[in-house]
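Each chain is listed here by its residues.
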Amino acid sequence: MQQPTGDPDLETLTDDTSALPGLLGTLDLAIAKLEAIMLAVGVLLMALNTVANVIGRVFFESLYFSEELNRILIILITFAGISYAARHGRHIRMSAIYDTLPPKPRKALTILIALVTAVFMLGLAWYSLQFLLTTMGRGRVLPALQIPVWITLCWVPLGFLLTGLQYVLTAIKNMIEPDIYLSTNVLEGYDNDEREI
């Protein structure tokens with residue numbers, strides 16, 4: 001949802017434009033589209049699977065693979081969701097000290113927080129990729145679906161990677177813009193509520 005910001009360039013942003021310039025904007029849009037696809041497909045498939053399982057239980061018998069499929073979809077939605085939450089500035093923030101700071105130190109702290117969070121997210125992406133590769137080497141399969149277990153985990157490093165990139169973009173956005181941004185398109189809202197641009 002776009003709200004007036006007073007800046008005509010920011011008010012003309014749509015879902016097909018980014019608040020970042022050039023290649024960064026292209027990367028931002030690609031991440032946004034990937035998140036949207038992952039979340040939409042995950043939620044729709046989970047709903048369809050659950051409804052089909054309920055109908056199956058009522059008229060025939062439950063789908064033998066339903067629980068495993070929903071588990072896979074929960075992993076997908078969770079790890080696509082962390083990147084989506086970062087994009088929209090919706091993560092929980094501990095802001096007792098942050099709130100007491102004047103704007104310039106608050107901006108510096110915002111950049112530091114975004115960079116440190118990005119390092120942790122990218123580190124988690126690396127470690128989860130190593131775990132994924134180890135799981136691939138073991139050759140285990142899911143009992144009902146008979147697909148390799150590693151396929152169910154491939155969303156984990158991808159979600160951490162997208163979240164890390166989102167925080168890097170947030171830090172860059174705060175470095176190049178005079179305002180303070182919680183994400184690439186969400187202004188900090190101390191004058192009034194946070195505004196998504």
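Given the structure is predicted, the values throughout are model-derived calculations rather than measurements. (Residues numbered from 1 in each chain as written. Predicted model: local features only at pLDDT ≥ 70, side-chain atom pairs only at ≥ 80, totals over all residues. Heavy atoms only, no water.)

A. Expanded view of the overall build of the chain. Within the chain, the regular secondary structure consists of 7 helices and 3 strands. If you list the helices and strands of the chain from N to C, you get α-α-α-α-α-α-α-β-β-β. Going through the 197 residues of the chain one by one, you find that 38% of them count as buried. Sequence separation of 24 or more characterises 67% of the internal contacts of the chain that already satisfy a separation of 6 or more. When the accessible area of the chain is evaluated, it comes to approximately 11700 Å², of which 68% is carbon and sulfur surface. (Helix = DSSP H or I, 4+ residues; strand = E, 2+ residues; numbered from the N terminus. Buried < 20%, exposed > 50% of the residue type's maximum accessible area, 1.4 Å probe, protein only. Contact = heavy atoms within 4.5 Å. Areas by Shrake-Rupley, 256 points an atom, 1.4 Å probe, with all protein chains shown as cover.)

B. Summary view of the packing of helix 2 (residues 22–59) against helix 7 (residues 155–176). Direction vectors running N to C along helix 2 and helix 7 enclose 145 degrees, while the axes themselves pass 11 Å from each other. Read as a crossing pair, helix 2 and helix 7 show a hand that is left-handed. Between helix 2 and helix 7, the contacting residues are Leu24, Leu27, Asp28, Ile31, Leu34, Glu35 and Met38 on the first element and Trp155, Leu158, Leu162, Leu165, Gln166, Leu169 and Ile172 on the second. When its residues are assigned to classes, the contact of helix 2 with helix 7 shows 11 nonpolar, 1 polar and 2 charged. (Axes fitted to C-alpha atoms, helices over the stretch in contact; angles between N-to-C directions. Left-handed = near helix turned anticlockwise from the far one by under 90°. Nonpolar A, V, L, I, M, F, W, Y, C, P; charged D, E, K, R; others polar.)

C. Layout of the environment of Ile37. Following the sequence through the fold, Ile37 ends up in helix 2. Note on Ile37: relative accessible area 52%, which makes it exposed. A sequence separation of 43 residues divides Ile37 from Ala80, and the C-alpha atoms of the two residues are 9.2 Å apart.

D. A look at a nonpolar patch on the surface. Side chains of Val51, Val54, Ile55, Val58, Phe59 and Phe60 sit close together on the surface and give an oily, nonpolar patch of about 670 Å² of accessible area. Of note, Val51 is situated in helix 2. Given a relative accessible area of 47%, Val51 falls into the partly exposed group. (Patch = residues over 30% accessible without salt bridge, like charges linked within 9 Å, V, L, I, M, F, W, Y side chains within 5 Å. Salt bridge = Lys/Arg side-chain N within 4 Å of Asp/Glu carboxyl O.)

E. Summary view of the confidence of the model for the chain. Across the chain, pLDDT averages 84, with 88% of residues at or above 70. Confidence drops under a pLDDT of 50 for residues 1–14, and excluding neighbours within four residues, the segment shows 23 contacts in the predicted structure. (pLDDT = per-residue confidence, 0-100.)

F. Quick peek at helix 3 (residues 66–87). For helix 3, built from 22 residues, the straight-helix expectation of 32 Å at 1.5 Å per residue is met to within 8% by its first-to-last C-alpha distance of 31 Å. Following helix 3 by one or two positions, Gly89 adopts a phi angle in the positive range, close to 60 degrees. (Expected span 1.5 Å × (residues − 1).)

G. The arrangement of unusual backbone geometry in detail. A positive phi angle is found at Gln146, which is not glycine, with a value near 55 degrees. Residue placement: Gln146 occurs in the loop between helix 5 (103–138) and helix 6 (149–153). Here Gln146 falls in the exposed class, since its relative accessible area comes to 52%.

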